[in-house]
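Structure at a glance
Residues per chain are reported as follows:
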Amino acid sequence: MAVWLISASVVAGELEIESDVVEATLDNGLTVLVLEDRRAPVVANMVWYRVGSADEHSGITGISHMLEHMMFRGSEKYEPGEFSRIVARLGGRENAFTGRDYTGYHQVIGSDHWETVMAMEAERMRHLKLQEDEFRPELRVVQEERRLRVEDQPNSLLREQLMATAFFNHPYGQPVIGWMTDIEAYTLEDLQDWYDRYYHPSNAVVVVVGDVDADEVIAAAEKHFGAIPSGNVPEAKPRRETPQAGERRITVQAPAQVPFLMMGWKTPVLNTLDSHEDAYALLVAAGILDSGEASRFARELVRGQELASATSARYSPFARLDDLFMVAAVPTSDTDVETLERALLDEIDRLAEEPVDDRELERVQARVIASEVFERDSVRAQAFQLGMLETVGVGWRENDRFLERVREVTAEDVQRVVREYLVPERRTVGILDPQPMDDEEAPAPGPYGAPDLDGGYPEGDH
């Protein structure tokens, strides 16, 4: 077993972030990350598996998410639902999540009980009991989940179809929850095969953050996970996207109250770049466009010209494969979609043609940094950040380089990446054409918040 202690300190304005992460690798390949945070007697315990929808192929899309559900339906030691009942009895909270690049399970619990839940996670890593009488009801739960979160949500439906249009043969083109026809055809054998293939120590990361002693956590990980065989994950075939030959465009017709516009540009991420500069410049570019009331979309398009009632711009450097730089907006009642689209593109063209002045750049960098700093406040958020960076292949140490790299971005960097990546031949445009709604379908009228551009699949209840 190898152990490293890494200390880092980064100053962000008046705020200082320090992290002392202890990393250990067990002989069976399990990675263990521990961060002591003794501000409160609380611990976040997480187990991450390097498998998500990007590993799936046609016919079994969404199988990672379905297996996530079944992980709560019984193991050799625990009856269906018993895992959750024990966590609740100990005063803790738990849940799970599936993304394109990972599947994760977590508990937030008092510092007296973290080893109990760690031992339970170790047990279901190798001893899950998949049973037909538990599978069928859970399958119906997942089908209903897809109806409620995608098919009955016009903006989510548009996003799903835009991703499928943007990516022809790249795995991010398929939805995390899976296509309904694939969900309907799952078998218990499909789930067993997926579990046997990917749920191994060598394909997992344990993250513990909170009121713990790092040496004790690593010793406990060795005790509970150390005897589990390493496992071999099959090498994935390359699925490189076919080069895009021009702008792609779709219109989705669905019952809705208002139109919705979404655009995505294919962009690289840290994992697919030789150096980090372009990824962080794209992150700052998204912040200039939309990061609060003073950002350009809000100032120019929402309050200034009153063309949009809500806007979003999003880019993340943290993914296993190339992704999309996303922009979305809801037009006001006096604006048509074509006018709004032209206005959004004009703001992007302006970013390419005119250097951002120092004052605006510093304000956006401070806001991006502040958002990151405040996210690190809870033990759960800290554990999530470490686990996510490690499982997507960036490495958890990027957490401590983040602030410095955002500060290094220059106005010239922003101009350069906008000119290179936010161009028509990388763009896919999706328009929601609202259709009449039944009275029962219509949500209560009210102000529209920022359009949801989340790329992963949210946590659910189990």
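Reference entry: report on the structure contained in this document.

**Describing a negative patch on the surface**
Taken together, the side chains of Asp357, Asp358, Glu362 and Glu412 make up a negatively charged region of the molecular surface. On the basis of relative accessible area, Glu412 is assigned to the exposed category, the value being 54%.

**Here we look at the environment of Leu148**
Position of Leu148 among the secondary structure elements: in helix α4 (residues 132–151). Separated by twelve residues in the primary sequence, Leu148 and Arg136 have C-alpha atoms spaced 19 Å apart.

**Examining the pattern of salt bridges**
This structure, assessed with the given rule, holds 33 salt bridges. Close ionic contact of Lys223 with Glu115 constitutes a salt bridge, the shortest N to O distance being 3.7 Å. With a gap of 108 residues between them, Lys223 in helix α8 (residues 214–225) and Glu115 in helix α3 (residues 114–126) connect regions that are remote in the sequence. With a relative accessible area of 60%, Lys223 lands in the exposed category. One salt bridge in this structure joins Arg249 and Glu247, with 3.1 Å as the shortest N-O distance. The exposure class assigned to Arg249 is partly exposed, which follows from its relative accessible area of 42%. Taking the relative accessible area as the measure of exposure, Glu247 reaches 34% and is therefore partly exposed.

**A short note on the side chain of Arg248**
Along the polypeptide, Arg248 turns up in strand β8 (residues 248–255). At 2.6 Å, the side chain of Arg248 forms a polar contact with the backbone oxygen of Ala166. Setting aside residues up to four positions removed in sequence, Arg248 forms contacts with Thr165, Ala166, Phe167, Phe168, Glu241, Thr242, Pro243, Lys266, Arg427, Thr428 and Val429.

**A look at the nonpolar core**
One finds Val207, Phe325, Val327, Leu344, Val414 and Val418 to be the most contacted residues of the largest nonpolar core, which totals 94 residues. Here the element with the most residues in this core is helix α9 (residues 277–289); it accounts for ten residues. Met66, Leu67, Ile109 and Trp194 belong to the second-largest nonpolar core, a separate cluster that totals 54 residues.

**Quick notes on the sheet that holds strand β11 (residues 323–331)**
Taken in spatial order, the five strands of this open sheet run β8-β12-β9-β11-β10, and their pairing is mixed. The two strands at the open ends of the sheet, each matched to only one other strand, are β8 and β10 (308–314). Direction aside, neighbouring strands of the sheet carry axes that sit 15° apart on average. Note that β8 and strand β12 (residues 427–435) share eight bridges and pair parallel. Counterpart to Val252 in the pairing with β12 is Leu432. Contacts between helix α10 (residues 296–304) and the sheet are confined to β10 and β11, with β10 contributing the most and set at about 160° to the helix.

**Digging into unusual backbone geometry**
For Glu306, which is not glycine, the phi torsion reads 55° and is therefore positive. Take Glu306: its relative accessible area is 53%, and that puts it in the exposed class.

Reading the values: rules and limits
- Residues numbered from 1 in each chain as written.
- Predicted model: local features only at pLDDT ≥ 70, side-chain atom pairs only at ≥ 80, totals over all residues.
- Heavy atoms only, no water.
- Patch = residues over 30% accessible without salt bridge, like charges linked within 9 Å, V, L, I, M, F, W, Y side chains within 5 Å.
- Areas by Shrake-Rupley, 256 points an atom, 1.4 Å probe, with all protein chains shown as cover.
- Salt bridge = Lys/Arg side-chain N within 4 Å of Asp/Glu carboxyl O.
- Lys, Arg positive; Asp, Glu negative; His and termini not counted.
- Charge placed at Lys NZ, Arg CZ, Asp CG, Glu CD.
- Buried < 20%, exposed > 50% of the residue type's maximum accessible area, 1.4 Å probe, protein only.
- Helix = DSSP H or I, 4+ residues; strand = E, 2+ residues; numbered from the N terminus.
- Polar contact = N/O pair within 3.5 Å; in protein donor to acceptor, adjacent residues only side chain to side chain.
- Contact = heavy atoms within 4.5 Å.
- Core = buried A, V, L, I, M, F, W, Y, C linked by side-chain atoms within 4.5 Å.
- Pairing = 2+ DSSP bridges.
- Axes fitted to C-alpha atoms, helices over the stretch in contact; angles between N-to-C directions.

Any functional reading would require information beyond the geometric quantities listed.
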